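Commentary on secondary and tertiary structure
The primary structure of each chain is shown beneath.
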Amino acid sequence: MRLLQAGVDISVIALWLGHEAIETAQIYVHADLALKERALARTTPIGAAPGRYRPPDELLAFLEGCDYADWSSSKSA
């Protein structure tokens, strides 16, 4: 993880670790939340305020009112 955090490409790390495929090394990337947070910070859209998205109360109320059990059963039908 230190190599990845230092900017070393994941394919190079996979080779050094002797992984047969890059996908094997990807497992470690998924575990590092700090790395994900930094990547998200670099992708702020132009003109958007920096920071995390905060959904409005109306949206949260709507989502809490949804019956997910009915949705998933109707989708499989």
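Residues numbered from 1 in each chain as written. Predicted model: local features only at pLDDT ≥ 70, side-chain atom pairs only at ≥ 80, totals over all residues. Heavy atoms only, no water.

**Side note on the overall build of the protein**
Defined as follows: Helix numbers and strand numbers start at the N terminus; a helix is a DSSP run of H or I with at least 4 residues, a strand a run of E with at least 2. Classification of residues uses two cut-offs on accessible area relative to the type maximum, computed with a 1.4 Å probe and protein chains only: under 20% is buried, over 50% is exposed, and between them is partly exposed. Per-residue and other accessible areas were derived by the Shrake-Rupley procedure at a 1.4 Å probe size, with only the shown protein chains allowed to occlude residues.
Helix and strand counts for the protein stand at six helices and zero strands. Secondary structure elements in the protein, listed N-terminal to C-terminal, are α-α-α-α-α-α. For the protein, buried positions account for 12% of its 77 residues. Here the protein has roughly 6,800 Å² of accessible surface; of this, 61% comes from carbon and sulfur atoms.

**Some remarks on a nonpolar patch on the surface**
Applicable threshold: Each patch groups residues whose relative accessible area exceeds 30% and which form no salt bridge, using 9 Å between like charges and 5 Å between nonpolar side chains of Val, Leu, Ile, Met, Phe, Trp and Tyr. What makes a salt bridge here is a side-chain nitrogen of Lys or Arg within 4 Å of a carboxyl oxygen of Asp or Glu, nothing more.
A surface patch of nonpolar side chains, amounting to about 490 Å² of accessible area, comprises Y53, L59, L60, F62 and L63. Here Y53 shows up in the loop between α4 (33-41) and α5 (57-65).

**Notes on the nonpolar core**
Going by this rule: Buried residues of nine kinds, namely Ala, Val, Leu, Ile, Met, Phe, Trp, Tyr and Cys, make up a nonpolar core once their side-chain atoms join them within 4.5 Å.
One finds L4, I10, I13, A14, A25, V29 and L35 forming the largest nonpolar core, which totals seven residues. Breaking this core down by element, the ones donating at least two residues are α2 (10-17) and α3 (22-31). If one sorts the elements of this core by residue count, α2 sits on top with three residues.

**Considerations on α2**
Defined as follows: This arc corresponds to the set of directions leading from the helix axis out to the C-beta atoms.
Of all the residues in α2, the buried ones are I10, I13 and A14. Projected onto a plane normal to the axis of α2, the buried residues spread over an arc of 100° and lie on a single side. Those residues of α2 that are exposed and angled more than 90 degrees off the buried face are L15 and W16. Directly after α2, the chain includes G18, whose backbone phi takes a positive value near 80°.

**As for the side chain of H19**
Worth spelling out the cut-off: Whether two residues touch is decided by their heavy atoms; if any such pair falls within 4.5 Å, the residues are in contact.
The residue H19 is located in the loop between α2 and α3 in this model. With near-sequence residues (within four places) excluded, H19 lies in contact with A14, T24, A25 and Y28.

**Here we look at the confidence of the model for the protein**
Inclusion rule: Confidence of the predictor at the level of single residues is captured by pLDDT, which takes values from 0 to 100.
In this model, the protein carries a mean pLDDT of 78, and residues with pLDDT of at least 70 account for 84%. By mean pLDDT, helix α6 (residues 68-76) is the weakest element of the protein at 55, and α5 is the strongest at 91.

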